[in-house]
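Analysis of the macromolecular model
The lines below spell out each chain.
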Amino acid sequence: GAGVSQSPSNKVTEKGKDVELRCDPISGHTALYWYRQSLGQGLEFLIYFQGNSAPDKSGLPSDRFSAERTGGSVSTLTIQRTQQEDSAVYLCASSLAQGTHTEAFFGQGTRLTVV
Amino acid sequence: SQQGEEDPQALSIQEGENATMNCSYKTSINNLQWYRQNSGRGLVHLILIRSNEREKHSGRLRVTLDTSKKSSSLLITASRAADTASYFCATDALGNTPLVFGKGTRLSVIA
């Protein structure tokens, strides 16, 4: 397992449908991040998992967004009742963060299009 | 809220010239990192500078950090067309806080 893997690469969904985006981090990485990037914009922080600590959900834009990280490894970002403004690239990253952050390794992202 | 803000938003230079990008942030940090992004997908880590360091080099990259001004700069020397990309700074504030990115600088190197 080389790097961070995200699936699917692309997702087109109808407005109002729920979607699940998956992230497989690098084995042994305790920190996992989700970001959202709209076209030509910066990275918007969504949620951060660090080991067994409670996740930092302060970046989630609404209660339609939720994320889980099972067994300290795979993470799923769920968007319920999708809206057109949810269209963006969703990026996942992981790192060996222990106290302070080290290099974050990014997946190639999931491009979500809500029609 | 975003911690880092890059400046300029866009930069266009000729091949062989040096490119300088700046990043300003708001709160005390553990370290500051610079990343590169091609084609709007995954980011690649370039360099990390710790809060007690003032300058760091990696190949054609030179990063400075001024904690008194809460700012950092990334210098790419002898730029190449392949350096064309977006560059982002990222910071983590003191405590168990997430890595927060700025809006990025879009660099275009013209051959």
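What counts, and where the lines are drawn
- Residues numbered from 1 in each chain as written.
- Chains lettered and ligands numbered in written order.
- Predicted model: local features only at pLDDT ≥ 70, side-chain atom pairs only at ≥ 80, totals over all residues.
- Heavy atoms only, no water.
- Pairing = 2+ DSSP bridges.
- Helix = DSSP H or I, 4+ residues; strand = E, 2+ residues; numbered from the N terminus.
- Axes fitted to C-alpha atoms, helices over the stretch in contact; angles between N-to-C directions.
- Disulfide = S-S within 2.5 Å.
- Buried < 20%, exposed > 50% of the residue type's maximum accessible area, 1.4 Å probe, protein only.
- Contact = heavy atoms within 4.5 Å.

Brief notes about the sheet that holds strand S1 (residues 5-7) of chain A
Residues and elements named next belong to chain A. Spatially, four strands are ordered S1-S3-S7-S6 in an open sheet, and the strand pairing comes out antiparallel. Taken across any chain shown, the strands that pair with only one partner, and hence form the sheet edges, are S1 and strand S6 (65-69). Across the sheet, the mean angle from the axis of one strand to that of its neighbour is 15°, orientation sign disregarded. Direction of pairing for strand S3 (residues 19-24) relative to strand S7 (residues 75-79): antiparallel, over a ladder of five bridges. Each bridged residue has a counterpart across the sheet, and for Val19 the counterpart in S7 is Ile79.

Remarks on the state of the cysteines
Residue and element names in this part refer to chain B. Evaluated as defined, the whole model comprises two disulfides over all chains. What pairs with Cys23 in a disulfide is Cys89, and their sulfur atoms sit 2.0 Å apart. On the S-S bond that ties Cys23 to Cys89, the torsion sits near 65°, and the link is right-handed. Pair noted here: Cys23 is in strand S3 (residues 19-24) and Cys89 is in strand S9 (residues 85-93), with a separation of 66 residues, a long-range link. Each member of the pair, Cys23 as well as Cys89, carries the same accessibility label: buried.

So, the environment of Arg69 of chain A
Residue and element names in this part refer to chain A. Looking at where Arg69 falls in the secondary structure, it is placed in strand S6. By relative accessible area, Arg69 is classed as buried at 15%. Sequence separation of Arg69 and Gly109 is 40 residues, and the distance between their C-alpha atoms is 17 Å. If we ignore the near neighbours within four places in the chain, the residues touching Arg69 are Pro25, His29, Thr30, Ala31, Leu32, Phe49, Val74 and Ser75.

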